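# Topology and contacts: notes
The residues making up each chain are set out below.
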Amino acid sequence: MNERQISGKDVILKAAGLLEVKLVSAVAGYPVTSIVNLFRNDDFWADNTFWMINEKVALETALGASVAGRRSFVLTKHVGMNVLCDPLVTSATHTIGAGLVIIAGDDPGAKASQNEQDSRYFGPLAEVPVFDPATPEKLFDSLKEAIELSEKASIPVIVRVTSRLLESFCESALLRPKGSVPPEFDRSVWDYTMKGKHQRFHSMSYPLMGDYSQSQDCLCHIDTTKTGIISSGYPACLVEKFIEESNSRISHLALDMVYPLPIKKLKRFIDHHEYVLVVEETEDYIESHISIEDTIKGKSTGHIPHGKIEKEHILHALENIKKTHMDKVVKPETIKERGPRSICDTCPYLSLYRVLGTIDKPIAGDMGCSILSTSAPLQAVDTGFALGSAISVACGFKGKGIAVIGDFGLAHTGMQGLINAKSNGFDLLVIILQNDVAAMTGGQDVADLTHVLEALHDDIEVVDFAEKIKERELQALLMEKMEKKGISIILAKGTCPKY
Ligand code: SF4
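Described below are features of the structure shown in this document.

How each quantity is defined
- Residues numbered from 1 in each chain as written.
- Predicted model: local features only at pLDDT ≥ 70, side-chain atom pairs only at ≥ 80, totals over all residues.
- Heavy atoms only, no water.
- Pairing = 2+ DSSP bridges.
- Helix = DSSP H or I, 4+ residues; strand = E, 2+ residues; numbered from the N terminus.
- Core = buried A, V, L, I, M, F, W, Y, C linked by side-chain atoms within 4.5 Å.
- Buried < 20%, exposed > 50% of the residue type's maximum accessible area, 1.4 Å probe, protein only.
- Contact = heavy atoms within 4.5 Å.
- Polar contact = N/O pair within 3.5 Å; in protein donor to acceptor, adjacent residues only side chain to side chain.
- Lys, Arg positive; Asp, Glu negative; His and termini not counted.
- Salt bridge = Lys/Arg side-chain N within 4 Å of Asp/Glu carboxyl O.
- Patch = residues over 30% accessible without salt bridge, like charges linked within 9 Å, V, L, I, M, F, W, Y side chains within 5 Å.
- Areas by Shrake-Rupley, 256 points an atom, 1.4 Å probe, with all protein chains shown as cover.
- Charge placed at Lys NZ, Arg CZ, Asp CG, Glu CD.

### Regarding the sheet that holds strand β21 (residues 487-493)
- An order of β15-β16-β17-β21-β20 is seen for the five strands of this open sheet, with the pairing classed as parallel. Edge positions in the sheet fall to β15 (363-364) and β20 (460-464), since each of these pairs with one other strand and no more.
- In this structure, β15 lies alongside strand β16 (residues 401-406), joined through two bridges in parallel fashion. Considered in β16, the bridge of I363 is made with I402.

The structure is reproduced here in structure tokens:
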């Protein structure tokens, strides 16, 4: 790296300025937290960048900005796409105003996530365009095109990023803006029925998306009629490196825009080659749309693994390209092999986790630090479905369910679970780890919801974990609460020594 080079993360910051973005709304989580920190540490962006309590409100706020003619970026990790999906799906037919780009951070390899889901699938689901750039230069171009297409087709656009793309570098001077005035929302769309809006979308917005995709200026070199590789995202860089280092005669089509897929471009490339290998992360998204002949190889044929791709996977697949199928021998990674990620030794809640580990009942955990207590030696909580899920999951348990949730999980979506539990009369013990920070994602501040809890529930016990609490007393308190009918809340106050 030289001093004129900038990283993929910096490209997003720079693009926001050059593209005249006015609002950045984000929810912390790997791999997007560090991008948002760049915005928060920037004098101009500090006042225009917001840590939102969840991804749905993050997108809704950006939609409001768009209606008012203000361009926006929404930054979320991949699982946050599930939370914002409701307004996203409707926004495509509702129409918007100024450009709105959702930067979705995927985590191939699940380095710091609960799954490896592939955000590209939100394109066909929500009928919004998806870009999957391979390099920081392509990332900038994608953001530029995304704003332009968002305004022309009046829809949000997704740009998928991964940590390896964000940590790659490019020449800063290559980044050039494209000036245009952002439009405001045109409310004449309300002349249509809901069905009419979908018909309008398919006659006006979708053809535009298709034209953009078909004419995308993506990398394509045809060097042979034997084997060609189709890729998108960061794996395209691995393919290029592999071709260069091995001096192989292999063609390569690296797509930048993956929804809609440029079917004619793909067909021409496929028709030109005897064998085609599809290299993509994390699922077989492109492959599933094109693998109608057994000359097309990829994940479904066992040539390429699911999840994170490395160069050796490409070599292995090419060595076996003539095989119809390769046996998949996948040994699922265990915590023992990878090494545990545990609750910190200095965590104020260690005694609580130890006590929870002795309870012979299922305990619903959440996606904060409590998830670190699932494995040995603590084995405290038993589930971790989604951020904010613990309370509603515990509602489904037999008898009085136990939920452990952080204060950020509660603010994110857990509070709805608590309101629902009350209105349906569930028996529940909710332990809220109230340390005022989102410790799992870097220590972002969390709103104090104590007054909201007090307005909703009577049985609230505050336990200060700054004081030395005997595990025997803690156990007795939990047993006492479990014997009571209704909703009991233990507000476990503590200070995270990490933040
Ligand atoms: S980060 Fe903080 S809250 Fe989380 S386990 Fe460590 S000490 Fe506890």
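### Some remarks on unusual backbone geometry
- Following Y30, the chain continues into P31 via a peptide bond in cis, with omega recorded as 5°.
- With respect to the element layout, P31 can be found in the loop between β2 (21-26) and α2 (33-40).
- Cis peptide bonds are those with omega within 30 degrees of zero, and the linkage from E281 to T282 qualifies with -5°.
- As for its position among the elements, T282 is in the loop between β13 (275-279) and α11 (285-290).
- Of note in the backbone geometry, S154 takes a positive phi value of approximately 60° without being a glycine.

### Observations concerning the sheet that holds strand β11 (residues 251-255)
- Across the sheet, which stays open at both edges, the five strands sit in the order β9-β11-β10-β13-β14 with mixed pairing between neighbours. Either end of the sheet is taken by a strand with one partner, and the two such strands are β9 (219-221) and β14 (296-297).
- One ladder, built from two bridges, connects β13 with β14; its direction is parallel. Of the residues in β14, the one forming a bridge with L277 is K297.

### Some remarks on the nonpolar core
- The biggest cluster of nonpolar side chains holds 81 residues, and the ones touching the most others in it are F73 and L143.
- No other element matches helix α6 (residues 136-153), which puts seven residues into this core.
- With residues near it in sequence (within four places) discarded, L143 still touches I12, A15, L19, F73, V101, I103 and V159.
- Judged by nonpolar contacts, the second largest core, of 27 residues, contains L350, L352, Y353 and A492.

### Digging into the side chain of H412
- Among the secondary structure elements, H412 is positioned in helix α16 (residues 407-424).
- Here the side chain of H412 touches T413 through a polar contact of 2.8 Å, side chain to side chain.
- When sequence neighbours within four positions are dropped, the list of residues in contact with H412 reads I53, N54, E55, V83 and L387.

### Comments concerning the environment of S351
- With respect to the helices and strands, the residue S351 is situated in helix α14 (residues 350-356).
- S351 sits 120 residues away from E471 along the chain, and the two C-alpha atoms are 6.1 Å apart.
- Those residues in contact with S351 that lie beyond four places of it in its chain are F465, E471 and L474.

### Topic: the side chain of K265
- Within the fold, K265 resides in helix α10 (residues 263-272).
- Here K265 occupies a buried position and makes no salt bridge, while the nearest side chain of opposite charge, D217, is found at 7.2 Å.
- Within the structure, the side chain of K265 is placed 3.3 Å from the backbone oxygen of Q216, a separation counted as a polar contact.
- Setting aside residues no more than four positions away along its own chain, K265 makes contact with S213, Q214, Q216, C218 and L253.

### A short note on the pattern of salt bridges
- If you walk through the whole model with that rule in mind, you get 22 salt bridges.
- K485 serves as the salt-bridge partner of D427, at 2.8 Å between the closest nitrogen and oxygen. Taken together, the residues span a long stretch of sequence, with D427 in the loop between α16 and β17 (428-434) and K485 in the loop between α18 (471-483) and β21 at a distance of 58 residues.
- Overlapping salt bridges, with partners in common, bring together D106, D118, R120, D132, R160 and E280 in one network.

### Here we look at a positive patch on the surface
- Side chains of K111, K308, R338 and R341 sit close together on the surface and give a patch of like positive charge.
- Relative to the assigned elements, K111 resides in the loop between β5 (100-106) and α5 (122-126).

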